[in-house]
Amino acid sequence: MVELLEIIGKLTARVNALEAENQRLQQENEALRSENERLKKRIDELERKSKKYVAPYSREESKVDPQPPGRHAGQGRFVSKQRPTREQVTRVVDVKLQNRCACGGELRPFKTDFAFITALPAAPPQVTEYHLEVGRCEVCGRDVRASHPEVAADQRGASAHRLSAEVYCLAHSLHYDLGIPVRKVPEVLRLTTGLSVSQSALTRDALRVTRAGHVLQQGYQQLRDDVQQQPSVHQDDTGWRVHGQSAWLQVFKTPQSVVYQIRTRHTHAQLQELVPATYQGTLCCDRFSTYDHGSLADVKQQKCLHHVIGSCKQALNVQLQQAGRGRAYPRKLLVDFQAALGLHQRFHLGYCTLSEYQRLGRELTAQIETRLDQSCRSKENLRLQKGLVKHHQRGNLLRFLADPLIEPTNNAAERALRPAVIARKVSQCSKTTAGSEAFAIFKSLTQTARLRGLDPFQILLDHRINQNTR
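Here, residues in each chain are numbered from 1, in the same order as that chain's written sequence. The model is predicted, so local features are restricted to residues of pLDDT at least 70 and side-chain atom pairs to those at 80 or more, both for listing and for counting; the totals for chains, interfaces and linings are taken over all residues. The basis for the side-chain values is all heavy atoms of the structure; hydrogens and waters are excluded.

A. Structural view of the overall build of the chain. The helix count covers DSSP runs of H or I at least four residues long, the strand count covers runs of E at least two residues long, and both are numbered beginning at the N terminus. Scanning the chain from N- to C-terminus turns up 13 helices and seven strands. Relative to the 2.2 N^0.38 estimate, which gives 23 Å for 470 residues, the radius of gyration of the chain is 34 Å and therefore markedly larger than a compact globule would have. In terms of principal-axis extent, the alpha carbons of the chain reach across some 140 × 90 × 50 Å. The cut-offs for exposure are 20% and 50% of the maximum accessible area for each residue type, with area from a 1.4 Å probe on protein chains only; residues under the lower value are buried, those over the upper are exposed, and the others partly exposed. Among the 470 residues that make up the chain, the fraction classed as buried is 33%. Two residues form a contact once any of their heavy atoms are found within 4.5 Å. Nonlocal contacts in the chain, meaning residues at least 24 apart in sequence, comprise 59% of its contacts between residues at least 6 apart. Every accessible area reported is derived by Shrake-Rupley at a probe size of 1.4 Å, with residue values counting cover from the shown protein chains alone. Surface summary for the chain: the accessible area is close to 32,100 Å², and the carbon and sulfur share equals 52%. Here the globule rule reads 2.2 Å times residues to the power 0.38, and the radius of gyration is calculated from C-alpha atoms.

B. How the structure looks around a nonpolar patch on the surface. Exposure above 30% relative accessible area and the lack of any salt bridge qualify a residue for a patch; like charges then connect within 9 Å, and the nonpolar side chains Val, Leu, Ile, Met, Phe, Trp and Tyr within 5 Å. What counts as a salt bridge is simple: a side-chain nitrogen of Lys or Arg found within 4 Å of a carboxyl oxygen of Asp or Glu. The grouping of L4, L5 and I8 at the surface amounts to a nonpolar patch, some 290 Å² of accessible area in total. Mapping L4 onto the fold places it in helix 1 (residues 2-50).

C. A look at empty space enclosed by the protein. Cavities and pockets are found on a 1 Å grid laid over the protein atoms alone: a cavity is a set of points where a 1.4 Å probe fits but cannot escape, a pocket is an open set with protein on both sides within 12 Å along at least five of seven lines, and a lining residue has an atom within 4 Å of such a point. Grid points are joined across faces, edges and corners, and a volume is the space filled by probe spheres set on the points. In this structure the tally under the stated criterion is one cavity of 30 Å³ or more. By volume, the largest cavity is sized at about 50 Å³. Lining the largest cavity are C169, H172, D205, V209, L216, F442, L460 and R464. Residue assignment for the lining of the largest cavity shows that the elements contributing at least two residues are helix 2 (165-177) and helix 13 (456-469). Residue composition of the lining of the largest cavity, by class: five nonpolar, one polar and two charged. The residue classification treats Ala, Val, Leu, Ile, Met, Phe, Trp, Tyr, Cys and Pro as nonpolar and Asp, Glu, Lys and Arg as charged. All others, Gly included, are polar.

D. Region of interest: the side chain of N381. You can see N381 is positioned in helix 10 (residues 379-393). Not counting chain neighbours up to four residues away, the residues in contact with N381 comprise Q319, G326, Y329, P330 and C376.

E. Examining the sheet that holds strand 4 (residues 245-253) more closely. Strands pair, by our definition, only if DSSP identifies at least two bridges between them. Read from one edge to the other, the open sheet built from five strands follows the order 5-4-3-6-7, with strand pairing classed as mixed. With one partner strand each, in any of the chains shown, strand 5 (258-263) and strand 7 (300-303) form the two edges of the open sheet. When the angles between neighbouring strand axes are averaged without regard to direction, this sheet yields 25°. Where strand 4 and strand 5 come together, six bridges link them in antiparallel fashion. Of the residues in strand 5, the one forming a bridge with F252 is V259. Angles shown run from 0 to 180 degrees and are taken between the N-to-C directions of axes, each axis being a line fitted to C-alpha atoms and, for helices, limited to the stretch in contact.

F. Just the pattern of salt bridges, in detail. Following the criterion strictly, the structure yields 20 salt bridges and no others. For the salt bridge of E35 with R38, the shortest nitrogen-to-oxygen distance reads 2.7 Å. Remark: R38 and E35 occur in helix 1; sequence separation between them is three residues, near one turn of the helix. For the salt bridge of E187 with R190, the shortest nitrogen-to-oxygen distance reads 2.6 Å. With E187 and R190 both in helix 3 (residues 185-193) and three residues apart, this pair spans about one turn of that helix. Here the salt bridges share partners, and the residues they tie into one network are E21, R24, E28 and R327.

G. A look at the pairing of strand 3 (residues 232-242). Buried residues dominate strand 3, accounting for nine of its 11 residues. Summarising the sheet, strand 3 and strand 6 (residues 282-285) pair through three bridges and their orientation is parallel. Residue V233 lies in a different strand from strand 6, and its bridge partner there is L283. In this structure, strand 3 lies alongside strand 4, joined through nine bridges in antiparallel fashion. Paired with R241 across the bridge in strand 4 is S246. Taken together, strand 3 and the strand that follows it, strand 4, pair antiparallel across an intervening segment of two residues, in which H243 is found at a positive phi of about 55°.

Here it is in structure tokens:
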């Protein structure tokens, strides 16, 4: 009888425990349902707002405490435009006082105020006429024309009147560097300089750079060759069109240069044009399958950590819609990767030493490896884990934790793509293969000049002068 009572007591305690667990699960389920309803309402609200005719990137609600406009304290003396130097002044106008004040009193000058106005040049475009003497040989009867460094040998007849190198370089800088559509460049030149030039003339001149032996073509090839000598290269790509057909615009960003190329395919073969299998630096990229080709197995890579964090967030959002404990796995990975990214940022801000960075990096690496070795039941977690393990086994996931000079993200390549994406919106890409090649050459030279702190217009002009003097 005593044993029976003990069994009944144990069963009663077990039933009470199960009821408490059931009640806890019901409360958790109710909380998840409430969160699900809140998220659904938020999605509906965002969908309704997206259908409004509002300006892009506008905010529905302004900041509660916005920064006041204008110059802030401690930013120095305020001037809307720097005062010109004495050498820049081309005309001086002396303005004298009136005889008397408005009240009738006599005025006594005691100082002089200075004001400046900078205007467009009033002179018309400079046109130079060359008189080239032509003689006839008394022996062979051949006509020989006098030569001048600024006049091309074939500049005669219908092409006797040409534009200077400065005009073409200015036009190409406006189009390829600043992003002005080529059909609007002639109007810009007319308004600012008074020059009359056709769109076709600018396009024909731009296509000349694709010819073999052109100095801009050689400069572009030099940039391509220099990529292999750099310690790191960031690579990314975006869609493009050539004569209406799908293509890819690829960018290769190094600490010293920016190189673009446009190809009709996007495979490892196009990537290895600039990053061969013998590349000794580090390739920073996303997790596209092209970079996992066997021919690139010996190339050190660093996968973009922002893409990895995005995959963790996506897996976490899927788990939030389901019951169970699966959401804890992507949440912990997300915290670890964010901590790794924060460690890299703190080091470059000077908040920790190299030895401390490497010590904390080894600890984070060990912690992430432990999580990657855990067993997962959820399909989303298994998919996430499989993708991360594949790159970590090759050493391409956390390489930056051992070497802080390696960038953990591919932001450099994505920023380098922005000027090309803007050009894509206003130009509808390229009509011909030669046009796409010209775009890659000009864009590479001008963006590299800006990266190095140089004037893109002056770089194009220097190349042009070198071409004419050869």
